[in-house]
Amino acid sequence: MSEVKISAATRTEFGKGAARRIRRDNKVPGVVYEQGLEPLHVTLPGHELLLALRTPNVLIELVIDGKETQLAIPKAVQRDPLKGFLEHVDLLKVKRGEKVQVEIFVQTEGELAPGGNLLEHVLSALPVEAEATHIPEGVTVSVEGLTAGDAVLAKDIPLPSGTTLAVDGDTVVLQVLAAQAEEAAEGEGEEAAEA
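Below is a summary of the structure that appears in this document. (Residues numbered from 1 in each chain as written. Predicted model: local features only at pLDDT ≥ 70, side-chain atom pairs only at ≥ 80, totals over all residues. Heavy atoms only, no water.)

### What to know about the nonpolar core
Keep this limit in mind: We call a set of buried Ala, Val, Leu, Ile, Met, Phe, Trp, Tyr and Cys residues a nonpolar core when their side-chain atoms join them within 4.5 Å. Burial here depends on accessible area, computed with a 1.4 Å probe over protein chains only, as a share of the maximum for the residue type. Under 20% is buried, over 50% is exposed, and the range in between is partly exposed. In this description a helix means any DSSP run of H or I spanning at least four residues, a strand means any run of E spanning at least two, and both kinds are numbered starting from the N terminus. Contact definition: two residues touch when any of their heavy atoms are within 4.5 Å.
Formed by 23 residues in total, the largest nonpolar core has its most connected members in Ile 73, Val 94, Val 100, Val 102, Leu 126, Ile 157 and Val 173. Broken down by secondary-structure element, the contributors of at least two residues to this core are β5 (68–79), β7 (99–109), β9 (125–131), β10 (138–142) and β13 (172–177). In terms of residue count, β7 provides more of this core than any other element does, four residues in total. Apart from residues no more than four positions distant in its own chain, Val 94 is found in contact with Leu 59, Leu 71, Ala 72, Ile 73, Val 100 and Ala 132. Formed by 17 residues, the second largest nonpolar core is a distinct cluster that contains Ile 6, Ile 64, Ala 72 and Leu 91.

### Observations regarding the sheet that holds β5
What counts, and what does not: A pair of strands is labelled paired if DSSP reports no fewer than 2 bridges between them. Only C-alpha atoms enter the line fits that serve as axes; for helices the fit covers just the stretch in contact. Angles between N-to-C directions range over 0 to 180 degrees.
The strand order around the closed barrel built from six strands is β1-β3-β2-β6-β5-β4, with neighbouring strands paired in mixed fashion. Averaged over all pairs of adjacent strands, the angle between their axes in this sheet comes to 45°, without regard to strand direction. Taken together, the six bridges between strand β1 (residues 3–10) and strand β4 (residues 59–64) define a ladder with parallel strand orientation. Bridging from a neighbouring strand, Ser 7 pairs with Val 63 of β4. The strands that helix α1 (residues 16–24) touches are β2 (27–33), β3 (40–45) and β6 (86–94); relative to β2, the one it contacts most, it runs at about 120°.

Now the structure itself:
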């Protein structure tokens with residue numbers, strides 16, 4: 001888990017016009033949420049934030065107005081759909097030792113059994129609960145030798161120590177599907193043409 005230090009400034013202007021002015025200065029408007037308290041509206045440096053968000057579940061140490069320091073994790077990131085630049089970010093304030101619920105990426109390794117089977121990622125990210133300063137970036141699952149009909153359940157995935165599932169253990173994460181035979185697809189097309 002990586003930790004990044006970013007300077008932020010509180011903001012008092014709201015709305016589309018204010019957000020556009022902030023983005024024109026290569027900054028990103030954001031909100032820091034803390035349970036039971038009013039949200040804190042901030043302005044963050046765009047380039048530094050973009051680099052930090054390349055790491056999944058990054059822990060951000062916010063230095064607000066040059067004095068107050070808070071730890072936060074990204075909860076929602078809005079990007080421009082065409083150009084990809086950051087439009088807005090929601091952060092959740094966390095404390096060291098506090099458990100948080102996040103999603104971690106599921107990566108696979110190994111080869112399926114021969115036969116042209118297909119691997120379906122039912123869940124590409126696995127909901128887990130982990131300590132705020134020790135959030136894993138992802139997990140790797142072996143699919144070596146799996147055949148059609150096989151599935152990998154959430155409870156079968158080895159998690160790093162201190163991390164627990166935040167989803168039912170019987171939830172299917174990966175499953176192997178049998179490849180459709182081309183002949184069957186052609187036969188169905190001929191039957192439809194005759195009707």
